[in-house]
Amino acid sequence: MAKPDLKVFRDRMDKSVTALKDDYAGLRTGRANAGLLDPVQVEAYGSLSPLNAVAAVSVPEPRMISVSVWDKGMVVSVEKAIRAAGLGLNPVVDGQTLRIPIPPLTEERRKELVKLAGKYAEDKKIAVRNVRRDANDELKKAEKAGDISQDEQKKMEAEVQKDTDAAVKRIDEVFKAKEIEIMQV
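What counts and what doesn't
- Residues numbered from 1 in each chain as written.
- Predicted model: local features only at pLDDT ≥ 70, side-chain atom pairs only at ≥ 80, totals over all residues.
- Heavy atoms only, no water.
- Helix = DSSP H or I, 4+ residues; strand = E, 2+ residues; numbered from the N terminus.
- Rg over C-alpha atoms; globule rule 2.2 N^0.38 Å.
- Buried < 20%, exposed > 50% of the residue type's maximum accessible area, 1.4 Å probe, protein only.
- Contact = heavy atoms within 4.5 Å.
- Areas by Shrake-Rupley, 256 points an atom, 1.4 Å probe, with all protein chains shown as cover.
- Lys, Arg positive; Asp, Glu negative; His and termini not counted.
- Charge placed at Lys NZ, Arg CZ, Asp CG, Glu CD.
- Salt bridge = Lys/Arg side-chain N within 4 Å of Asp/Glu carboxyl O.
- Pairing = 2+ DSSP bridges.
- Axes fitted to C-alpha atoms, helices over the stretch in contact; angles between N-to-C directions.
- Arc of directions from axis to C-beta.
- pLDDT = per-residue confidence, 0-100.

(A) Highlighting the overall build of the protein chain. On a plain count of helices and strands, the protein chain comes out with four helices and six strands. When the elements of the protein chain are put in sequence order from the N terminus, they spell out α-β-β-β-β-α-β-β-α-α. Over its C-alpha atoms the protein chain spans a radius of gyration of 22 Å, topping by over 25% the 16 Å that the globule rule assigns to 185 residues. Structurally, the protein chain occupies a C-alpha span of about 70 × 40 × 20 Å along its principal axes. Counting across all 185 residues of the protein chain, residues that qualify as buried make up 37%. Taking as baseline every contact in the protein chain between residues at least 6 positions apart, the subset at least 24 positions apart corresponds to 67%. Total accessible area on the protein chain stands at roughly 10500 Å², and carbon and sulfur atoms take up 52% of it. A distance of 3 Å separates the average location of the 33 positive side-chain charges in the protein chain from that of its 31 negative side-chain charges.

Here it is as structure tokens:
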């Protein structure tokens, strides 16, 4: 066994932060956002396809999402998929285009979204701590195998902890920014 590469673990921690940002892109904040429709799957030609595979999604105004369906025969399927996605959106069909007004959020719904955002952040913190555990386990194995000294192990564990703290801090910052975005009226 060779000396463990801490960059691998740092990259995994960075991916947790990136994944949180991706999760937050789909959270509704009262403003139109094309990412809001990312989870929508459309029944197309006998299989499920992501919405962006059958239509172009755009945001023509702050409270409106426009979905231009490429195949006229798919309009009804796209409308059903958006309604069934559980996003609380009601598309209005206008030829091959669906206009989706984004209703303003109630105070209660905003608080629910903040709780959900907090849950996402906590899940990512757990993922980061799991990466730390994996890194520390690998360092212990390397020290037992004689690939690194005990002093090197302690130094590298301190570095892993520093990376963990930095990743958790970034997750907290992303969460705070999303919380502010959600609670703005």
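(B) Geometry of the pattern of salt bridges. Tallying each qualifying case throughout the model produces 16 salt bridges. Note that Asp11 is salt-bridged to Lys7, the shortest N-O span being 3.3 Å. Of this pair, Asp11 and Lys7 both sit in helix α1 (residues 6-25), separated by four residues, roughly a single helical turn. On the basis of relative accessibility, which here comes to 32%, the residue Asp11 falls in the partly exposed class. Overall, Lys7 belongs to the partly exposed group, its relative accessible area being 47%. Between Arg170 and Asp14 there is a salt bridge whose closest N-O contact spans 2.5 Å. Placement of the pair is Arg170 in helix α4 (residues 150-183) and Asp14 in helix α1, with a sequence separation of 156 residues. Each of the salt bridges in this network shares a partner with another, and the network as a whole consists of Arg10, Glu159 and Asp163.

(C) Highlighting the sheet that holds strand β4 (residues 64-69). In spatial order, the strands read β3-β4-β6-β5; together these four strands make up an open sheet with antiparallel pairing. One side of each edge strand has no neighbouring strand; the edge strands of this open sheet are β3 (55-61) and β5 (92-94). Across the sheet, the mean angle separating the axes of adjacent strands is 25° when strand polarity is ignored. Taken together, the three bridges between β5 and strand β6 (residues 97-101) define a ladder with antiparallel strand orientation. Bridge assignment links Val93 to a residue of β6, and that residue is Leu98. Helix α2 (residues 75-84) contacts β4, β5 and β6 of the sheet and is inclined by roughly 20° relative to β6.

(D) Representation of α2 within the structure. All of the buried residues in α2 are Val75, Val78, Glu79, Ala81 and Ile82. Across the axial projection of α2, the buried residues extend over an arc of 165°, all falling on one side. Facing away from the buried side of α2 by more than 90 degrees, the exposed set consists of Lys80 and Ala84. Of the surrounding secondary structure, the elements contacted by the buried residues of α2 are β1 (41-44), β4, β5 and β6.

(E) Representation of the confidence of the model for the protein chain. On average, the protein chain scores 88 in pLDDT, and the residues at 70 or more come to 97%. Of all the helices and strands in the protein chain, β1 carries the lowest mean pLDDT, 86, while α4 carries the highest, 94.

(F) Spatial organisation of the pairing of β1. Of the two faces of β1, the one holding Val42 and Ala44 is buried and the one holding Gln41 and Glu43 is not buried anywhere. Pairing geometry for β1 and strand β2 (residues 47-50), over four bridges, is antiparallel. Considered in β2, the bridge of Ala44 is made with Ser47. If you look at the hairpin formed by β1 and β2, you'll find two residues sitting between the two strands, and Tyr45 has a positive phi there, around 55°.

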